[in-house]
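An overview of the molecular structure
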Amino acid sequence: MKYIGRNANALIALGLALATFGVLFANAPHLGLTRDEGYYVDAAEHYAGWFRELANNPGQAFDDAVISRYYEINREHPVLVKNMMALSYLAFAPSGNRSSHWPPEERGAYIRAMRLPADLFSALCVALVFLFGAAVASRRVGLFAALAFILAPRHFFHAQLACFDMPVTLAWLATVMAYRRAADSWKWSILTGLTWGLALAIKLNAFFLPVVLGLHWLITEGGKFSLSRSGLKFPRIPLAFFCMLVLGPLVFLLHWPFLWHDTFARLGWYLSFHLNHVNYYWEYLGKLLTDPPFPWAYPFVVTALSLPLPTLLLAAIGFFGVLGRRLGRPFHTGLQMLARLGGVKTKTVADANDSTGMGRSDAWLLLLNTFIPLLIIAIPTVPIFGGMKHWLHAMPFACILSGLALDRLVQALPGERLKKLRLTPRRVYVTLAGLVLLPSLLGLIHVGNYGTTYYNELAGGVAGGADLGMQRQYWSNDVSGVLPWINEHLPHGARLYLHEVNGECFRSYKRDGYLRGDLRMAWTPESSDFTSYLYHREFVDTEYRIWNLCGDKKIAYGLYLDQVPLALVYDIKRPSPAKGAGYPRARLRYASPQGR
Amino acid sequence: MRLLPLAILLSVSLYSTGFWIVDPLLQPSGEDYLAAESIVRQNWQQGDAVIVLPWWAARIREYIGDLEFIQLRNPQAEDWSSFSRLWVVSLPGHRHDLFTGPFGHWTHPRLKEIQAGKLTVDLYDLPPPARVLYNFRDRLSDARVSMHEPQGPRLCSRWVENRWVCSRRDWNYVGRMIVELGDDPRKIIWAHPADYPLEIAYPSVPGGKLLRVHTGFTPPAARAPDGAPVTLRVLMDGRELGRVVQQNLTGYFPAEWDISAAGPGPHQVTFVVTSPRGGMRHFCFDAQVRG
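Just so you know, these numbers come straight off a predicted model, no measurement behind them. (Residues numbered from 1 in each chain as written. Chains lettered and ligands numbered in written order. Predicted model: local features only at pLDDT ≥ 70, side-chain atom pairs only at ≥ 80, totals over all residues. Heavy atoms only, no water.)

**A short note on helix 15 (residues 309-327) of chain A**
Along its 19 residues, helix 15 of chain A runs 26 Å from first to last C-alpha, staying within 8% of the 27 Å computed at 1.5 Å per residue. Among all positions of helix 15 of chain A, only Leu309(A), Pro310(A), Thr311(A), Leu312(A), Leu314(A), Ala315(A), Gly318(A), Phe319(A), Val322(A), Leu323(A), Gly324(A) and Arg325(A) are buried. (Helix = DSSP H or I, 4+ residues; strand = E, 2+ residues; numbered from the N terminus. Expected span 1.5 Å × (residues − 1). Buried < 20%, exposed > 50% of the residue type's maximum accessible area, 1.4 Å probe, protein only.)

**Things to note about the pairing of strand 6 (residues 144-149) of chain B**
Residues and elements named next belong to chain B. Alignment of strand 6 against strand 12 (residues 198-205), held across four bridges, turns out to be antiparallel. Across the sheet, residue Arg144 finds its bridge partner in strand 12, namely Ala201. In the sheet, strand 6 pairs with strand 7 (residues 152-155) via four bridges, with the strands oriented antiparallel. From the neighbouring strand, His148 faces strand 7, where its bridge partner is Pro153. The hairpin turn running from strand 6 into strand 7, its antiparallel successor, is two residues long. (Pairing = 2+ DSSP bridges.)

**Description of the state of the cysteines**
Residue and element names in this part refer to chain B. By the definition in use, this model includes one disulfide over all chains. With its sulfur 2.1 Å from that of its partner, Cys156 forms a disulfide with Cys166. Its S-S torsion of approximately 105° makes the covalent link between Cys156 and Cys166 right-handed. Of this pair, Cys156 sits in the loop between strand 7 and strand 8 (158-160) while Cys166 is found in the loop between strand 9 (163-165) and strand 10 (173-181), placing the two residues 10 residues apart along the sequence. (Disulfide = S-S within 2.5 Å.)

**Some words on the interface of chain A and chain B**
If you look at the interface, chain A gives 58 residues, while chain B gives 53 residues. Counting every contact that joins chain A to chain B gives three salt bridges. Note that Asp183(B) and Arg537(A) form a salt bridge whose closest N and O atoms lie 2.8 Å from each other. Where chain A packs against chain B, one counts 21 residue pairs in polar contact (both at pLDDT 80 or more). For the side of chain A that touches chain B, the secondary structure elements donating two or more residues are helix 15, helix 19 (395-411), helix 21 (425-447), helix 22 (461-468), helix 25 (540-550), strand 8 (557-561) and strand 9 (564-571) of chain A. Take the side of chain A that touches chain B: its biggest share by element is eight residues, from helix 21 of chain A. Here the side of chain A that touches chain B is composed, by residue class, of 35 nonpolar, 10 polar and 13 charged. (Contact = heavy atoms within 4.5 Å. Salt bridge = Lys/Arg side-chain N within 4 Å of Asp/Glu carboxyl O. Polar contact = N/O pair within 3.5 Å; in protein donor to acceptor, adjacent residues only side chain to side chain. Nonpolar A, V, L, I, M, F, W, Y, C, P; charged D, E, K, R; others polar.)

Written out as structure tokens, the structure reads:
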């Protein structure tokens, strides 16, 4: 018992990690492949070739020609996650011929292997959210934050993907946690540098982390700047910053074999790719955003509509509450003035400044890490495509602020009345936490594997998102919902166009048994017998081309969530009176939609 | 006062929980769609059209997508003069979207209101439809299409499926298309001008009261920062009826000319499409002679 008591936090973190990993690992084969995963799994298979080379011909594996042969592909992203996918692929994927179909008993193993590193990263991330929440506040705050984080349907969706968003969230959080402990510690400072290097090795969001930590240092230590006759005095610069400066780039360069030769040119290409990144079109409040300037409110509105409402409310209370306590009198005076104008009686400033028990440094760490990632996307020239995944690394901090806010609300309950009701604050906290998290869980169950379609209760759910004209999907994974129908109903050898599904994903679907082996890939609706169209505001003309081909607008089969169409299957060769002559007759009849 | 935030949190949590429990119960079933299909099909007449509210609710097209289904974001503002009656299938909570404009003021009275499970099927009577004597889009295969290059006119003589092909360039044709103009899909004639005038001549068009056209650019064309205007000249028996200068905007813009003085015909009607710069000029139009 003593051991459990001493290591309770570690054991809870382990439990959270194991549970998260178990759920993600079990669900991995059921989630459709996203477009980006198609590119990354393809890249990982190439990188696996280099690891084979390294094992078989270690002398040659470091030659530029050999490295380039394997690492030229998908050089626009660092390779830490893809290298792990490559190793997982070598260890766990079916070993048969890459281009053939795997036997039924091995189906799903490929995608499970490719998503395994992401599952691990996500599981660790949930554990770290708990540990960080427990460190800055309390165990119950940490537990609430971890659950609020992973149960948010958008977060859960991204947690499953063989992509970089959840891994970089983990690395960002780990760096912040190490930095927090690094004040006078060489060990934690070195760890800060290493974790930031790993973050850089995952995704470029990490380039912005020094901005956040630098701001944190300026705010918390800014008072120690002084200018006197003896000159300008600086507060002590944290050791962690030096370690980041040295170790960050070092880890980044070491992890990426492609940068071992012709380093500056290749690094320049990588940076230039992202500095000049094309703006993919994005639907937002009924408008198609195409070119900058983009609305500054975009990340805030999307967060307000895609984080479960109770969690969002608590995050807002937590954020502004902590901010108010940090800014102190001017903030509260302003608030009180507003409240009095509204006829509301308010507390005194002294009451409002009561401590939560959380240190000033921790408070700013939470505030800055919640706000800055959104602020970066709010800059009108920054590309906005991809939605909330680009500020996913802010969400652990937002969820901790939610847990803190809940804690404060429970503390505000009159103790005597609780005693009369035989309630303890802990019991009330647990009950309220359950009530707050229940909508997240219900929303998650409701949208299932179609996570990008989730909009919260404020938006009106999935249908509300469609009414508001918000981006519904963008990664083609929702096509998985119509593949069983396609397998069951398409004639042998039919040409199939899966809108937005790239060649890599099509190949994977066939190889892993999600698509029948005899179906042939078509590249356009015009060259197909059947087309599955995914609604995407940018590509509505694709559906209109299909109508033009079909002669009418009849859908053969569809995937709908709350009546909102996600994937629609059209029988292009179906006879229609509106068609001109020259179309071949359809060769099959599929079941009527009756009873579905 | 200090319990107010807690009360708000409790209310929001209960509402949110209720939302995910109740919302699925409000969704129409397959049987509801079948019932709606049956109502529409049994009462369908020539000149009817059908829309769905909200506009994105595509599932009904599994059942009646072969009928004259119109997808519109704003049906109140639409010109319904080609149709005699309008069927409206509504999802729960969306039916009232239509109760403004002519549908709210009894200009278009409601003839039927039938519940099909959780779907509602309404039938509206529209003012007597215009008599369309000639639809230029439908009769495109009768047209003679040519490009007026400096060295002389070049005939686009190859008809493939739904278009006159003018060259190997994949945009260089005059064809029956459905494209997005403004926010909605429109049945139009694609007439992307190159650097030379594009001429579409119909040899035998009956006379009538009005010649009506709609013009517009597709959204990608309208986004082109240096997109030049396109001029559509309309000639009847060699005499210019009028012209539309389409500025670089997406939309579905109407224009019409009185042709009653021209007599019963047949007439030769020619559309000439020109632009000072042909790049990204995804120009589209449709035209009708109305009686």
